[in-house]
Amino acid sequence: NWTPDSFVETTVAGLKAKLGNDKVVLGLSGGVDSTVAGVLLHKAIGKNLTCIFVDNGLLRKNEFEAVLDSYKHMGLNVIGVDAKHEFLSELEGVSDPETKRKIIGRVFIEVFDAESHKIKDVKWLAQGTIYPDVIESISVNGPSATIKSHHNVGGLPDEMDLKIVEPLNLLFKDEVRRVGRAMGIDENLLGRHPFPGPGLAIRILGDITAEKVQLLQEVDHIFIQGLKDNNLYDQVWQAGVMLLPVQSVGVMGDERTYEKVVALRAVTSTDGMTADWVHLPYDFLARVSNDIINKVKGVNRVVYDISSKPPATIEWE
Ligand code: XMP
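Since the model is a prediction, treat every value here as computed from it, not as a measurement.

Digging into unusual backbone geometry
Stage number 1. Lys 309 connects to Pro 310 through a cis peptide bond whose omega is -10°.
Stage number 2. With respect to the secondary-structure elements, Pro 310 resides in the segment after strand 9 (299-304).
Stage number 3. Note the cis peptide between Pro 310 and Pro 311, where omega equals 5°.
Stage number 4. Topologically, Pro 311 is positioned in the segment after strand 9.
Stage number 5. With phi around 55°, Asn 231 is a residue other than glycine that occupies positive phi space.
Stage number 6. Checked against the element boundaries, Asn 231 lands in the loop between helix 9 (210-229) and strand 6 (238-252).

Encoded structure:
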C-alpha cells in the first residue's frame, strides 16, 4: 500500500544502508524532481550530500538567486555556480536547436564535473530521474530515430567515474509532488511548472545573445506573474514565451516601428507527451499583451499559440 510517508521512510532507510558514510553529489535544477531527490538524500545522509546548482544564464528572471535562497533555507548543502558566460559564449552564433542542446549539455557536464572534483572523495552521483524519464529515454535513445536529445537521462554518468543513485526512478510526477509535500517542501517549489533543461535557449528561435535572453526574461516574467496574480498558474501545466526570429511592422505615435514578435504558450497535460492549449480568458490575454508591449522595449507584437500536441510540440524548437 503506497503512501508518501511510507515511501519516505523506506527510501531514507534504503539510502542510509546503500550510501553509508559515502559522499554524494547532486545537480539541482530548481525543478520539482531534483529538489525532492535532494531533500530525501539530505534526510538520509545530511552533510555528506553536496548539491550543485548551475546558473547557465538561460533561467527565468531572478530564478537563480530565488531558488538558491530557498535551497539554503531548506538546510541543503548547496553550491551555486555562476557559469552564465561559459554557456553564452559557447552558444554564440548557434541557431540549430539540436546543436544548442548538445552545447548546453556538454558545457553543463564540464562545469558540473569541475565543481564535483573539488569535493573530496565523492563516490556517488545522485539524479532526480523519474519513471517517465526512464521510459522516454528508452524510446528517444532506442532503435527508432532520435526525436530530441531530451531530458535528464544518460548525460553525466559516462563522463564521470561515479556510481549512480536515483531515488525517484519508480515514481510518476504526481507521486514526486506528494512525497515532497510529505517532507514539508514549500508549495512554491512543488507546484512549479516544468522547465526545459536548455532553458530559454530553445525559446529564443535562432541565435542567442545576452540581450535577447534579457528581453525574453522580462516578457516571460510578465506572463508568468500575470498567471499567478490571476490564479491561473495552477490550472496550467506549463507556460512560457517564445521569442520569434521575425520582426513586424507597428506604429508608435507618428513613427513606424519594426520590432520583435513574441508567442505566448500555455498548455494542459499530464506528462508532456500530449498537450492541449489552454483557453486563457481573453481579458487576461489582452492585459498581458498590453503590458508586454508597453513595458518591454523591442517588442511590438504578441501572439498566442493555439496548437495542441500532437502534432505541434510544446516547445517551438
Ligand atoms: P516538447 O516540446 O517535446 O516538450 O513537446 C515536452 C516537454 O519536454 C520539455 N523539453 C525538454 N526538457 N530538455 C529538457 O529537459 C530538452 O531539451 C527539452 N525539450 C523539451 C518541454 O519543456 C516539455 O515540458
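Regarding the UniProt feature "binding site: ATP" (unreviewed entry) in the protein chain
Stage number 1. Mapped onto the present numbering, the UniProt feature "binding site: ATP" (unreviewed entry) falls on Ser 29, Gly 30, Gly 31, Val 32, Asp 33, Ser 34 and Thr 35.
Stage number 2. As for its placement among the helices and strands, Gly 30 is situated in the loop between strand 1 (23-28) and helix 2 (32-45).
Stage number 3. In this structure Gly 30 comes out as partly exposed when scored by C-beta crowding, with 19 C-beta atoms within 10 Å.
Stage number 4. Aside from chain neighbours lying at most four places away, what touches Gly 30 is Glu 63 and Val 67.
Stage number 5. A tally of 24 C-beta atoms within 10 Å means that Val 32 is categorised as buried.
Stage number 6. Aside from chain neighbours lying at most four places away, what touches Val 32 is Val 176, Arg 177, Gly 180, Leu 189, Leu 190 and Arg 192.

Cut-offs and rules
- Residues numbered from 1 in each chain as written.
- Predicted model: local features only at pLDDT ≥ 70, side-chain atom pairs only at ≥ 80, totals over all residues.
- Helix = DSSP H or I, 4+ residues; strand = E, 2+ residues; numbered from the N terminus.
- UniProt positions renumbered as here; feature names shortened; annotations may be inferred.
- Buried ≥ 20, exposed ≤ 12 C-beta atoms within 10 Å, placed from the backbone.
- Contact = placed C-beta atoms within 7 Å.

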